[in-house]
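Now for the letters of each chain:
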Amino acid sequence: MNNVVIDINDVSFNFGKVPVLEDISLKIYEDEFIGIIGPNASGKSTLLKLILGLLEPDKGTIAKYNHEGKNPRNHIGYVPQHSTFSRDFPVTVGEVVMMGHIARSSRFFRYNKKEIELAKQAMKKLEIDDIEKRQVGELSGGQLQRVLIARALVCQPETLILDEPTANVDMRIEEDIFSLLKNYSEHMTIIVVSHDIAFISGYVDRVACLNRTLVCHNTESISGKMIEELYDAPVKMIHHHH
Amino acid sequence: MSEFISALTEYTFLQNAVFACLLASIGCGVIGSYVVVKQISFLTGGIAHSVLAGMGMAYFYNASPMMGAIIAALVSSILIGWINLRWKEHEDVLIAAFWSAGMAIGILFLSRTPGYNVDLMSYLFGNILLITRSDLLLMFLLDLLVLTVVFVFYKHFLASVFDEEFARLRGINTEFFYILLLCLISITIVILIQLVGLIMVIALLTLPAAIANQYVNSLHKMFLLSALICAVISVAGVAISYGPDLPTGSVIVLTACCAYFSSVIFKQFVSNK
């Protein structure tokens, strides 16, 4: 068994008086590709924010790389849902990717050669090196997602956390992004939050189903009954072959 | 126009006015860009108006109104920023309160100071033709301060303005940079007050940068372009107002508005083609 990198122990969280998460316990292992799924408002984003250290749990503990509380930020890379910034922001693809260095960079105004080199490598890996000079507002959803993944990879994280990475992209790009993540998961822990259980189960090693409480499954065992429990409504399983 | 150019070679007050325009354009281009991309023009307006409190008090105690303005601008930007970080959901009400309280305090103090009326008008609406050498020196020093801070922290500002959550996760103290940015805005407001007055400052801190935003793909290019646009607009405003003896601040602001709307229409026209 691999090492535990993130250990969520009996965590509860409330927004005011509304319980969002109850008694969540989850161990995430090194180099695991885990999907966290659940319907809207099931507490997925809240759980991510707790893991990232943007929120504090009301009860329980979250240890990351054996450190409790504060984010050991060099270990964890984060790819947000990309709706948070304005589309006409004057910033290029290259500049956004470079932001991954922000914590450690010491030079004024510009980045140094090594930092630029690392960013170029990340852009090459994600096949966005040809759009380096483009403004981020002009990009398609899939391109923007690749830019944000590149920015997170520049931090050279050991764990990569992605919030709904395929929310604004079409099916073909979705497949591209997930097979890319599948490759990375060989030497990196990857946590993906999604509401799309059918799609995600083809790629991840394990699925954590969240709806205020948490149930974990290996991907082989996902059944219609389980989805029904989770979404509280009958769901049709469609078996299909590509 | 030729009348203006011959007057420019002749009169120092006009030369000072043009220098003031150029100096103001530096702060305006850089800080205006941040105001536009961070979408805090209302907040900037609030800080600008609360400056009157400091000026009124300075008058009453017979101190330098510019010093009063700087102190009031810094105090109100730190206060607004600090409260805003802890009380985000009422941001617009908070700004309205600072906006009007600042004006009210300023007017109370001015009303108790004999013979205030002329000066009040010039700080509310600007009086670029009365700018002196020492005003220019102050503007220059404030520009230098703003440029230095922006140069040193350019990457930090860019990261935290573009994606605050990500910057925070990477260990950037985004609250510190937010308040520092508001302080830089307040210094720039003081630079601009003598040009167009505190009521119309908001025009120069948003319109040139908003025009520039339509043509650039990068923040540092936006600084340069909007400084250039601001310089052209303000010098043009001085030139246009000189002949018919119109209030310069108002003419500068209207020139800026015309330039902005022309640019928006031009962009629409180009993208529809």
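Residues numbered from 1 in each chain as written. Chains lettered and ligands numbered in written order. Predicted model: local features only at pLDDT ≥ 70, side-chain atom pairs only at ≥ 80, totals over all residues.

> Tell me what's going on with the overall build of chain A, and back it up with residues and numbers.
The helix and strand inventory of chain A stands at seven helices and 10 strands. For chain A, with 242 residues in total, the buried portion stands at 38%. Contacts in chain A between residues far apart in sequence, at least 24 positions, make up 69% of those at least 6 positions apart. (Helix = DSSP H or I, 4+ residues; strand = E, 2+ residues; numbered from the N terminus. Buried ≥ 20, exposed ≤ 12 C-beta atoms within 10 Å, placed from the backbone. Contact = placed C-beta atoms within 7 Å.)

> Which residues make up the overall build of chain B, and what values do they have?
When its secondary structure is counted, chain B shows 13 helices and zero strands. The C-alpha atoms of chain B give 19 Å as radius of gyration, which agrees with the globular expectation for 273 residues (19 Å, within 12%). For chain B, the spread of C-alpha atoms along the principal axes amounts to about 55 × 55 × 30 Å. Taken across its 273 residues, chain B has 50% of its residues classed as buried. (Rg over C-alpha atoms; globule rule 2.2 N^0.38 Å.)

> Talk me through the pairing of strand β7 (residues 159-163) of chain A; I want residue IDs and the actual numbers.
Residue and element names in this part refer to chain A. β7 sits mainly inside the fold: five of its five residues count as buried. Neither face of β7 is exposed, since T159, I161 and D163 on one face and L160 and L162 on the opposite face are all buried. Here four bridges tie strand β6 (residues 76-79) to β7, and the two strands are oriented parallel to one another. Paired with Y78 across the two strands is I161, which belongs to β7. Bridge count between β7 and strand β8 (residues 189-194): five bridges; the pairing is parallel. Within β8, the residue paired with L162 across the bridge is V192. (Pairing = 2+ DSSP bridges.)

> Give me the lowdown on the interface of chain B and chain A, citing residues and values where you can.
Each side of the interface is counted separately: chain B has 23 residues, and chain A has 21 residues. At the level of secondary structure, the elements contributing two or more residues to the side of chain B that touches chain A comprise α7 (133-152), α8 (154-162), α9 (164-169) and α12 (219-242) of chain B. Partitioned by chemical class, the residues of the side of chain B that touches chain A number 14 nonpolar, five polar and four charged. (Nonpolar A, V, L, I, M, F, W, Y, C, P; charged D, E, K, R; others polar.)

> If you had to explain the environment of P80 of chain A to someone new, which residues and values would you point to?
Relative to the elements of secondary structure, P80 of chain A occurs in the loop between β6 and α2 (93-98). Each C-alpha atom of the pair P80 of chain A and S45 of chain A lies 10.0 Å from the other, and the pair is 35 residues apart in sequence. Leaving out residues up to four positions away in the same chain, P80 of chain A has contacts with L148 and D163 of chain A together with E165 and F166 of chain B.

> An account of the pairing of strand β1 (residues 4-15) of chain A is requested, with residue identities and associated values reported.
All names here are of chain A. Sheet analysis places β1 next to strand β2 (residues 18-29), joined by eight bridges and oriented antiparallel. Each bridged residue has a counterpart across the sheet, and for I6 the counterpart in β2 is I28. Between β1 and β2, which pair antiparallel in sequence order, lie two residues; one of them, G16, sits at a positive phi of approximately 60 degrees. Sheet topology places β1 next to strand β4 (residues 59-64); five bridges connect them, and they run antiparallel.

> How would you explain the domain arrangement of chain A if you had to name every residue and give the values?
When its domains are assigned, chain A resolves into domain 1 (1-75 + 159-176 + 187-242) and domain 2 (87-156). Looking at side-chain class alone, the side of domain 1 of chain A that touches domain 2 of chain A contains four nonpolar, two polar and one charged residues. (Domains from an automatic or database assignment.)

> Outline the packing of helix α10 (residues 174-196) of chain B against helix α11 (residues 201-213) of chain B, listing residues and values.
Two numbers describe a pair of packed helices, the interaxial angle and the distance between the axes. Residue and element names in this part refer to chain B. Between α10 and α11, the least distance of the axes is 8 Å, while the angle of their chain directions is 110 degrees. The orientation of α10 with respect to α11, classified from their angle, is roughly perpendicular. Relative to α11, the crossing made by α10 is right-handed. Side by side, α10 and α11 meet where T188, I189, L192, I193, L195 and V196 of the first sit next to V201, A203, L204 and L205 of the second. Grouping the constituent residues of the contact of α10 with α11 by class yields nine nonpolar, one polar and no charged. (Axes fitted to C-alpha atoms, helices over the stretch in contact; angles between N-to-C directions. Parallel < 35°, antiparallel > 145°, perpendicular 65-115°, else oblique. Left-handed = near helix turned anticlockwise from the far one by under 90°.)

> So, the nonpolar core: which residues are in play, and what are the values?
Of all hydrophobic cores here, the largest spans 158 residues; its most connected members are V201 and L204 of chain B. At 15 residues, the largest contribution of residues to this core is made by α10 of chain B. No fewer than three residues from each of domain 1 (1-75 + 159-176 + 187-242) and domain 2 (87-156) of chain A sit in this core. (Core = buried A, V, L, I, M, F, W, Y, C linked by C-beta atoms within 7 Å.)

> Now, about the confidence of the model for chain B: what can you tell me, with residues and values included?
Here chain B shows a mean pLDDT of 88. Residues at 70 or above account for 97%. Here the complex is predicted with pTM 0.87, and the ipTM for its interfaces comes to 0.82. (pLDDT = per-residue confidence, 0-100.)

> If you had to explain helix α1 (residues 44-52) of chain A to someone new, which residues and values would you point to?
Residues and elements named next belong to chain A. Where burial is concerned, most of α1 is hidden: seven out of the nine residues are buried. Inspection of α1 places K44, T46, L47, L48, L50, I51 and L52 among the buried residues, and these make up the whole buried set. G53 sits one or two residues past α1 and shows a positive phi near 90 degrees.

> Break down the packing of α8 of chain B against α10 of chain B for me, citing the residues and quoting the values.
All names here are of chain B. The interhelical angle for the contact between α8 and α10, taken along N-to-C directions, is 105 degrees, at an axis separation of 10 Å. Accordingly, the angle class assigned to the pair α8 and α10 is roughly perpendicular. Taking contact as the criterion, the partners of H156, F157 and S160 in α8 are, on α10, T174, F177 and L181. Residue composition of the contact of α8 with α10, by class: three nonpolar, three polar and no charged.

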